[in-house]
Amino acid sequence: MKPRIEAGVLGATGMVGQQFVEFLQGHPWFELAWLGASDRSAGKKYAEAAPWRLAGAMPDSAAGLTVEECKPGAAPRLLFSAMDAAVATEIERAFAAAGHIVVSNSRNHRMEPDVPLVVPEVNAEHLQLLTEQRRRRGWRGRIVTNPNCSTVVLAMSLAPLRPFGIRRVVATTLQAISGAGYPGVASLDITANVIPFIAGEEEKMQQETQKILGALAGNRVEPLAACVSAHCNRVPVLNGHTVTVSVELEGRPGVEEVRAAFEGFSGVPQQRRLPSAPARPVVYMAEADRPQPQRDAARDRGMTVFVGRLRECAVLTHKYVALGHNTIRGAAGAAVLNAELLHSEGLLGS
Ligand SMILES: NC(=O)c1ccc[n+]([C@@H]2O[C@H](COP(=O)([O-])OP(=O)(O)OC[C@H]3O[C@@H](n4cnc5c(N)ncnc54)[C@H](OP(=O)(O)O)[C@@H]3O)[C@@H](O)[C@H]2O)c1
């Protein structure tokens, strides 16, 4: 058996950091060897620094590790980042400059033109931006990002429709509470209620979707020309972001053709059998009342996007529902799949 590649987590004590710790348990390629957080946590054992917020017990292999400060030095070359957005820009850059491969879940670098924003099934070829990143920044390492947790659901559901020509998209989210981190939204605000505002979320969904579905043109990405309009809502659901989508498809395909496109969709992670790749990235559910977050979001290790209720739209051309697990496909699982893609491209090096 080949030795596993050592990996660390920046922001390991937070909600997403804990998801990384959990998701990396038993990973066949990557071994969790280093945990970083703020100076409030540095020097403590992980068990002491990070009150465990996920179901089940904290993994023993992480509990005894000492949390380090997020400064380049002794950390492994491969680092997953779940840093607080308020500090991620400078810290991620410092690690990249020092030669680390930073696979980040934070929003800070996603829209920078030389930083790949990758969903491996959708735009694996955008990793070519790394050549431009190295040329412009002079870093010995790299930064690669994954999208916001609701964007990934929308982008994965739209990707199979690209051959029909996507012209306009209206997407309305019903976003789980866990997407707001811990302690998140106050219980008095979210219990039996809907909050029709999530700061910055609509802009992220619109811009990130256009970048992910955009075409690589030399050393940059030409964003998808389609208009994307998002409405974002927080709802009293624990895990799983639901997105209802209306889309105008230029080719005006029949409903059965669109359904066949969802069902036939596959990508590089499936071809290369990457360890965290779901068997099918998009699964169409024929039942009239599915997908549902409580029943479906966590299936297939939380890495699949479920689509259903495809029908004609009287305003655009088609409409459907999509669902994905926000802290797995929308956070830790997405970044681990990106690292697997990098490794399969030979980009993790030695
Ligand atoms: N929650 C989600 O579902 C979700 C989904 C997608 C993306 N995201 C993004 O993922 C990132 C993390 O989110 P989260 O909800 O996990 O946040 P969080 O629970 O607040 O955790 C933030 C982490 O950053 C560390 N940190 C804070 N200040 C630091 C500093 N000066 N130096 C080093 N480390 C520092 C914290 O360490 P201490 O414990 O020591 O303070 C903690 O480990 C954010 O950028 C967020 O936007 C979150």
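Since this is a predicted model, take the numbers as computed values, not measurements.

J.: Explain the overall build of the protein chain to me, please; I cannot follow it from the model alone.
T.: Scanning the protein chain from terminus to terminus reveals 13 helices and 14 strands. Relative to the globule expectation of 20 Å for 350 residues, the C-alpha radius of gyration of the protein chain, 19 Å, shows essentially globular dimensions. Overall, the C-alpha framework of the protein chain stretches about 60 × 50 × 40 Å when taken along its three principal axes. When burial is assessed residue by residue, the protein chain has 55% of its 350 residues classed as buried. Partitioning the contacts of the protein chain with sequence separation of at least 6, the portion at a separation of at least 24 is 74%. Counting every atom, the protein chain has about 14800 Å² of accessible surface; 50% of that belongs to carbon and sulfur. For the protein chain, the distance from the average site of its 37 positive side-chain charges to the average site of its 34 negative ones is 2 Å.

J.: How should the pattern of salt bridges be read in this particular structure?
T.: Opposite charge on two side chains lets them pair, provided their charged atoms get close. By the definition in use, this model includes 17 salt bridges. The residue E112 makes a salt bridge to R137 at a minimum N-O spacing of 2.5 Å. Taken together, the positions of E112 in the loop between β5 (101-104) and α5 (120-123) and R137 in helix α6 (residues 129-137) put the pair 25 residues apart, joining distant regions of the chain. We classify E112 as buried; its relative accessible area is 16%. Across the salt bridge formed by D114 and R137, the nearest N and O atoms sit 2.6 Å from each other. Remark: R137 occurs in helix α6 and D114 occurs in the loop between β5 and α5; sequence separation between them is 23 residues. On the accessibility criterion, D114 (0% relative accessible area) is buried. Within the structure, one salt-bridge network assembled from shared partners comprises R93, E112, D114, R136 and R137.

J.: Help me understand the pairing of strand β7 (residues 166-174), please; the structure alone is not making it clear to me.
T.: Within a regular strand, side chains alternate between the sheet's two faces. Of the pairings in the sheet, the one linking β7 to strand β11 (residues 241-249) comprises eight bridges and is antiparallel in character. Considered in β11, the bridge of L174 is made with T242. Pairing of β7 with strand β10 (residues 227-231) involves five bridges; the strand directions are parallel. Looking across to β10, one finds that V170 is bridged to S229.

J.: I keep staring at the layout of surface pockets and nothing clicks. Help me out?
T.: If you add up the space inside the largest pocket, you get close to 1300 Å³. Lining the largest pocket are 45 residues, with V16, A82, M83, D84 and A85 sitting closest to its centre. Those elements that place two or more of their residues in the lining of the largest pocket are α1 (15-23), α4 (85-97), α9 (201-212) and α13 (328-344). Among the residues forming the lining of the largest pocket, the class breakdown is 18 nonpolar, 17 polar and 10 charged.

J.: Would you take a moment to explain the sheet that holds strand β2 (residues 30-37) for this structure?
T.: Adjacent strands of a sheet pair through backbone hydrogen bonds, lying either parallel or antiparallel. Here we have six strands laid out as an open sheet, ordered β3-β2-β1-β4-β5-β6, and parallel in their pairing. Bordering the open sheet on either side are β3 (68-69) and β6 (142-145), each of which pairs with just one other strand. Of the pairings in the sheet, the one linking β5 to β6 comprises four bridges and is parallel in character. Among the inter-strand pairings, I101 is bridged to a residue of β6, identified as R142. Sheet contacts for α13: β1 (5-10), β2, β4 (78-81), β5 and β6; angle to β5, the most-contacted strand, approximately 145°.

J.: What exactly am I supposed to notice about the packing of α1 against α13 here?
T.: Relative orientation and spacing of two packed helices are given, respectively, by the angle between their axes and the distance between those axes. The contact between α1 and α13 brings their axes to 9 Å, and the two run at 50°. The angle between the axes of α1 and α13 places the two elements in the oblique class. Between α1 and α13 lies a crossing of right-handed hand. Residues V16, Q19, F20 and F23 of α1 pack against I328, A331, A332, G333, A335 and V336 of α13.

Reading the values: the criteria
Each chain has its residues counted from 1, running along the sequence as written. A pLDDT threshold of at least 70 governs which residues receive local features in this predicted model, and a stricter bar of 80 or more applies before side-chain atom pairs are shown or counted, although totals over entire chains, interfaces and linings include all residues. Each side-chain value is derived from all of the structure's non-hydrogen atoms; neither hydrogens nor water enter the calculation. Comment: elements are numbered from the N terminus, with helices defined as DSSP H or I runs of at least four residues and strands as E runs of at least two. It is over C-alpha atoms that the radius of gyration is taken, and the globule rule equals 2.2 Å times the number of residues to the power 0.38. Whether a residue is buried, partly exposed or exposed follows from its accessible area with a 1.4 Å probe, protein chains only, as a fraction of its type maximum: under 20%, in between, or over 50%, in that order. Only heavy atoms enter the contact rule, under which two residues are in contact if any of them lie within 4.5 Å. Working definition of accessibility: Shrake-Rupley area with a 1.4 Å probe, residue cover restricted to the visible protein chains. In summary, the charge assignment counts Lys and Arg as positive and Asp and Glu as negative, without counting His or the chain termini. For charged residues, the charge sits on one atom: NZ in Lys, CZ in Arg, CG in Asp, CD in Glu. Whenever Lys or Arg places a side-chain nitrogen within 4 Å of a carboxyl oxygen from Asp or Glu, that contact is recorded as a salt bridge. Strands are treated as partners if at least two bridges between them are detected by DSSP. Cavity: a set of points on a 1 Å grid over the protein atoms alone where a 1.4 Å probe fits but cannot get out. Pocket: an open set with protein on both sides within 12 Å along at least five of seven lines, its lining residues, like those of a cavity, having an atom within 4 Å of a point. Grid points are joined across faces, edges and corners, and a volume is the space filled by probe spheres set on the points. Ten residue types, Ala, Val, Leu, Ile, Met, Phe, Trp, Tyr, Cys and Pro, are classed as nonpolar, four, Asp, Glu, Lys and Arg, as charged, and the remainder, Gly among them, as polar. Note on geometry: axes are C-alpha line fits, over the in-contact stretch for helices, and angles between N-to-C directions span 0 to 180 degrees. For classification purposes, an angle smaller than 35 degrees is called roughly parallel, one larger than 145 roughly antiparallel, one from 65 to 115 roughly perpendicular, and anything else oblique. Crossings are assigned a handedness: left-handed for a near helix turned anticlockwise from the far helix by less than a right angle, right-handed for a clockwise turn.

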